[in-house]
Amino acid sequence: MGKKLRHYDLIIAGATSGFLTRATCQPLDVIKIRFQLQVEPISYRRTSKYHSILQATSLIAKEEGLKALWKGHVPAQLLSITYGMVQFWCFDTLMNQSKLLPLDTRYKPIVTFLCGSIAGCSATLASFPFDVVRTRLVAQGEKKRLYSGVIDAFRYILKNESILVLYRGILPTFIQVAPHAGAQFLSYRVFDNMYRAFFNIAQNTYTLPGNLVAGSLAGLVAKTLIYPFDLVKKRMQIQGVHEHRKEFGAVFSCRGMIDCCRKILRTEGPFALFKGLYPSLWKAVFTTAMHFATYEGTCKIISDFRT
């Protein structure tokens with residue numbers, strides 16, 4: 001299937017995958033971010049605004065309206081489309097180039113991991129400003145809004161802060177993305193091969209159930225490994241807008257990645273590095289499954305169309 005596809009076919013498939021995945025799973029992402037930014041414990045204590053996935057969903061819908069579960073959806077879509085385009089194109093291009101090298105088959109897992117890591121970092125660099133704006137929009141409440149939309153957020157940041165703010169938190173993101181993307185692609189290949197071997201399915205045959213199963217397990221494994229870096233990134237991205245988040249509870253401020261980790265550990269404890277992990281794992285399972293399934297499916301449609 002892959003031999004019939006051109007570079008722009010891979011870009012189209014990646015963009016389609018990112019768009020469909022984001023449109024479906026955005027509410028889980030909103031809840032995950034709210035959990036990550038909450039300084040108080042995720043528990044039923046009186047001081048905690050959000051206690052659980054169901055309670056947070058209900059409270060957000062009650063206080064801000066049902067559409068708030070898709071808050072930041074436009075920059076999130078731009079993020080997902082850009083990320084999907086660059087990631088899948090870069091990964092498939094690198095993997096095709098690696099086949100030209102005289103490498104022993106024993107190194108194939110390492111090559112897959114490295115290609116996935118490079119693809120993930122390249123996609124992150126291209127899409128990161130959308131991630132910062134998405135986080136800012138999700139973080140703000142309805143009572144005291146700082147940004148009216150995506151363009152206004154970009155304009156405000158560039159005018160009142162700095163263009164460098166659009167890349168704030170990129171260091172922990174790179175530390176997170178490299179192993180995450182590598183583990184994700186490697187795990188997907190491993191689980192996909194296991195599924196095909198178990199059901200005796202040929203390698204070049206498209207199978208939606210197999211893509212969903214392999215993608216779900218790959219997302220679960222990869223997200224668990226790197227989650228603390230994602231939380232630190234979110235905390236760093238909202239620095240400078242604390243006065244607009246007082247309705248959400250205690251304010252968290254830091255001066256960099258190391259300082260952020262130190263303050264979280266000192267004031268909230270080591271388990272705070274995994275705040276929001278539960279909805280994040282649900283999101284990882286669904287999004288990774290959809291990501292790979294829609295990408296492979298789009299590639300098959302394009303491939304069949306060219307036949």
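Above: the structure in question.
Please read all numbers here as calculations on a predicted model, not as lab measurements.

What counts and what doesn't
- The residue count restarts for each chain, going from 1 along the sequence in the order it is written.
- It should be noted that, the model being predicted, local features are given only for residues of pLDDT at least 70 and side-chain atom pairs only at 80 or more, the latter also being counted only at that level, while totals for whole chains, interfaces and linings use all residues.
- Only hydrogens and water are set aside; all other atoms, that is, all heavy atoms of the structure, feed into the side-chain values.
- Only DSSP runs of H or I reaching four residues or more are called helices, and only runs of E reaching two or more are called strands; each is numbered from the N terminus.
- Within these notes, the globule rule equals 2.2 Å times the number of residues to the 0.38 power, and the radius of gyration is based on C-alpha atoms.
- Throughout, exposure labels follow a simple rule: accessible area from a 1.4 Å probe, protein chains only, divided by the maximum for the residue type, with under 20% read as buried, over 50% as exposed, and the rest as partly exposed.
- When checking whether two residues touch, look at their non-hydrogen atoms; a contact exists if any pair is within 4.5 Å.
- Areas reported here follow the Shrake-Rupley algorithm with a probe of radius 1.4 Å; residue values treat only the protein chains shown as occluding.
- Here the positive residues are Lys and Arg and the negative ones are Asp and Glu; neither His nor the chain ends is included.
- Taken as the charge centre is NZ of Lys, CZ of Arg, CG of Asp or CD of Glu, depending on the residue.
- In plain terms, two cysteine sulfur atoms within 2.5 Å form what is called a disulfide here.
- Within this scheme, the nonpolar core is defined by two criteria: the residues are buried Ala, Val, Leu, Ile, Met, Phe, Trp, Tyr or Cys, and they are joined through side-chain atoms within 4.5 Å.
- Expected span of a helix: the number of residues minus one, times 1.5 Å.
- Fitting axes to the seven residues that end at a residue and to the seven that start at it, the angle between those axes gives the bend at that residue.
- Axis definition: a line fit to C-alpha positions, over the contact stretch in the case of helices; interaxial angles, taken between N-to-C directions, run 0 to 180 degrees.
- Roughly parallel means an angle under 35 degrees; roughly antiparallel, over 145; roughly perpendicular, 65 to 115; everything else is oblique.
- For any helix crossing, the convention is left-handed if the near helix is rotated counterclockwise from the far helix by under a right angle, and right-handed if that rotation is clockwise.
- Residues are sorted three ways: Asp, Glu, Lys and Arg are charged, Ala, Val, Leu, Ile, Met, Phe, Trp, Tyr, Cys and Pro are nonpolar, and all the rest, Gly among them, are polar.
- Here a cavity denotes grid points, spaced 1 Å and computed from the protein atoms alone, that fit a 1.4 Å probe unable to get out, and a pocket denotes an open set having protein on both sides within 12 Å along at least 5 of 7 lines; residues with an atom within 4 Å of a point are the lining.
- Grid points are joined across faces, edges and corners, and a volume is the space filled by probe spheres set on the points.
- The term salt bridge refers to a pairing of a side-chain nitrogen on Lys or Arg with a carboxyl oxygen on Asp or Glu at a separation within 4 Å.

(A) Just the overall build of the protein, in detail. Across its full length, the protein carries nine helices and zero strands. Reading the secondary structure of the protein in the N-to-C direction produces α-α-α-α-α-α-α-α-α. In terms of overall dimensions, the protein is globule-like: its C-alpha atoms have a radius of gyration of 20 Å, near the 19 Å expected for 307 residues. Its C-alpha atoms put the protein at 55 × 35 × 35 Å along the principal axes. Taking all 307 residues of the protein together, 54% fall into the buried category. Considering only intrachain contacts with a sequence separation of at least 6, the fraction spanning at least 24 residues in the protein is 78%. Counting every atom, the protein has about 14900 Å² of accessible surface; 67% of that belongs to carbon and sulfur. One way to put it: in the protein the 39 positive side-chain charges average out to a point 2 Å from where the 19 negative ones average out.

(B) Geometry of the state of the cysteines. Under the criterion given, the structure shown has zero disulfides. Sulfur of C115: no disulfide; nearest cysteine sulfur belongs to C90 and is 8.1 Å away. Not part of a disulfide, C299 finds its nearest cysteine sulfur in C90, a span of 15 Å.

(C) Just the nonpolar core, in detail. Formed by 18 residues in total, the largest nonpolar core has its most connected members in F91, Y295 and C299. Every element with two or more residues in this core is listed here: α1 (7-37), α3 (73-98), α4 (108-139), α6 (170-199), α7 (208-237) and α9 (277-306). Among all residues touching F91, those that are not within four sequence positions of it are T112, C115, G116, A119, F185 and R189. In terms of nonpolar packing, the next biggest core, distinct from the first, is built from 15 residues, I33, A56, L59 and I238 among them.

(D) Just α6, in detail. Here α6 contains 30 residues, and its C-alpha end-to-end distance of 41 Å stays within 8% of the 44 Å for a straight helix at 1.5 Å per residue. The principal kink in α6, of about 25°, is found at V177, preceding the proline P179 by one to four residues. Positive phi appears at N200, one or two residues downstream of α6, with a value of about 55°.

(E) Geometry of the packing of α1 against α9. At a closest axis distance of 8 Å, the pairing of α1 and α9 adopts a crossing angle of 165°. Classified by the interaxial angle, the pair formed by α1 and α9 is roughly antiparallel. When you trace α1 past α9, the crossing you get is right-handed. Residue composition of the contact of α1 with α9, grouped by class: 16 nonpolar, 11 polar and five charged.

(F) Spatial organisation of empty space enclosed by the protein. Evaluation of the coordinates by the stated rule reveals three cavities of 30 Å³ or more. Size it by volume and the largest cavity reaches roughly 610 Å³. As for the largest cavity, its lining consists of 31 residues, of which R22, Y83, H180, K223 and K283 are closest to the centre. When residues of the lining of the largest cavity are traced back to their parent elements, those giving at least two are α1, α3, α4, α6, α7 and α9. Residue contributions to the lining of the largest cavity peak at seven residues, all from α1.

(G) Expanded view of the pattern of salt bridges. A full pass over the atoms with the stated rule returns 21 salt bridges. E63 is paired through a salt bridge with K49; the nearest N and O atoms lie 3.0 Å apart. One end of the pair, E63, is in helix α2 (residues 53-64); the other, K49, is in the loop between α1 and α2, with 14 residues separating them in the sequence. By relative accessible area, which is 17% here, K49 ends up buried. Residues K234 and D131 are paired through a salt bridge, measuring 3.1 Å at the closest nitrogen-oxygen approach.

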